[in-house]
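So the chains spell out like this:
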Amino acid sequence: MSRQDLMNSPDQHSKPLPASRLACLVGIALFGLAGCNTFSEVVQAPAVDEVKPAVTVQNAGDIKYYPSDEPLKLGLEHFKKGAYGIANRYFRDAVEKAPEDAEAWVGLAASYDRLRRFDLADQAYAQAIKLTGETIQILNDRGYSYLLRGDLGKARAKFLQAYQLDPTNPTVINNLQLLNASYRFVERAP
């Protein structure tokens, strides 16, 4: 058999479908299509200019910067360990990031005192005083600064100012006792 003959001859195994079976298949197909949306039911997408940004997205202009207090924490930690040079570096970083932080300025001043950079310590104390005034801590720390410099008269004046503000402050009391004890070891001229 040629190819042409195969195409034109009816398949011996295929029989025409009875009308009832054909109607059943058409019904199933129509029933399946009944669940599909028609064009009139399609929801129209909003225009691009009508789309609002999602609530979960934060605009860059809404984000506020809060400086980290990590440099201050590290400065205090190293100061307590006696690593005054490292503490000084962290306190400088802290005042650069948060110039309104009086605690960072006092820490910077105290670290300068321990490094014997009294000129820079005085500048840092001045910045702290601008922010908070002469607090007990600042008066006490400045007194200790004068004590380190050997200026016992100025040290006593600052400690007494702090003592007048809070006569129960143990740090001020200890520093006054330290100052009084140091007077016993001062050599007097004959």
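See the structure above.
A brief structural summary. For every chain, the first residue of the written sequence is number 1, and numbering continues from 1 along that sequence. It should be noted that, the model being predicted, local features are given only for residues of pLDDT at least 70 and side-chain atom pairs only at 80 or more, the latter also being counted only at that level, while totals for whole chains, interfaces and linings use all residues. Hydrogens and water are ignored here; the side-chain numbers use all heavy atoms of the structure.

## Things to note about the packing of aromatic side chains
Any two aromatic rings considered together are summarised by their centre-to-centre distance and by the angle between their planes.
At step 1: Any pair of Phe, Tyr and Trp rings, taking the six-membered ring for Trp, is counted once the centres come within 6.5 Å. Such a pair is stacked with planes under 30 degrees apart, edge-to-face with planes over 60 apart, and tilted for the rest. This structure, assessed with the given rule, holds one aromatic pair.
At step 2: Centroid distance Phe79 to Tyr84: 5.0 Å. Interplanar angle 65 degrees. Geometry classified as edge-to-face.
At step 3: On the basis of relative accessible area, Tyr84 is assigned to the partly exposed category, the value being 21%.
At step 4: Two conditions define a charge sitting above a ring: the NZ of Lys or the CZ of Arg must be within 6 Å of the ring centre, and it must be within 35 degrees of the ring normal. For Arg89, the ring lying beneath its charged end belongs to Tyr90, and the centroid distance is 4.6 Å. Residue exposure (1.4 Å probe, protein chains only): buried if accessible area is under 20% of the type maximum, exposed if over 50%, otherwise partly exposed.

## A few points about the nonpolar core
At step 1: Here, the term nonpolar core denotes a set of buried Ala, Val, Leu, Ile, Met, Phe, Trp, Tyr and Cys residues that are joined through side-chain atoms within 4.5 Å. Of all hydrophobic cores here, the largest spans 16 residues; its most connected members are Trp105 and Leu108.
At step 2: Mapped by element, the contributors of at least two residues to this core are helix H4 (84-97), helix H5 (102-114) and helix H6 (118-132).
At step 3: In this text, helices come from DSSP runs of H or I with a minimum length of four residues, and strands from runs of E with a minimum of two, each type numbered from the N-terminal end. Ranked by residues supplied to this core, first place goes to H5 with six residues.
At step 4: In contact with Trp105, other than residues within four places in its own chain, are Val95, Pro99, Ala124, Gln127, Ala128 and Leu131. By the convention used here, residues are in contact when the closest approach between their heavy atoms is within 4.5 Å.

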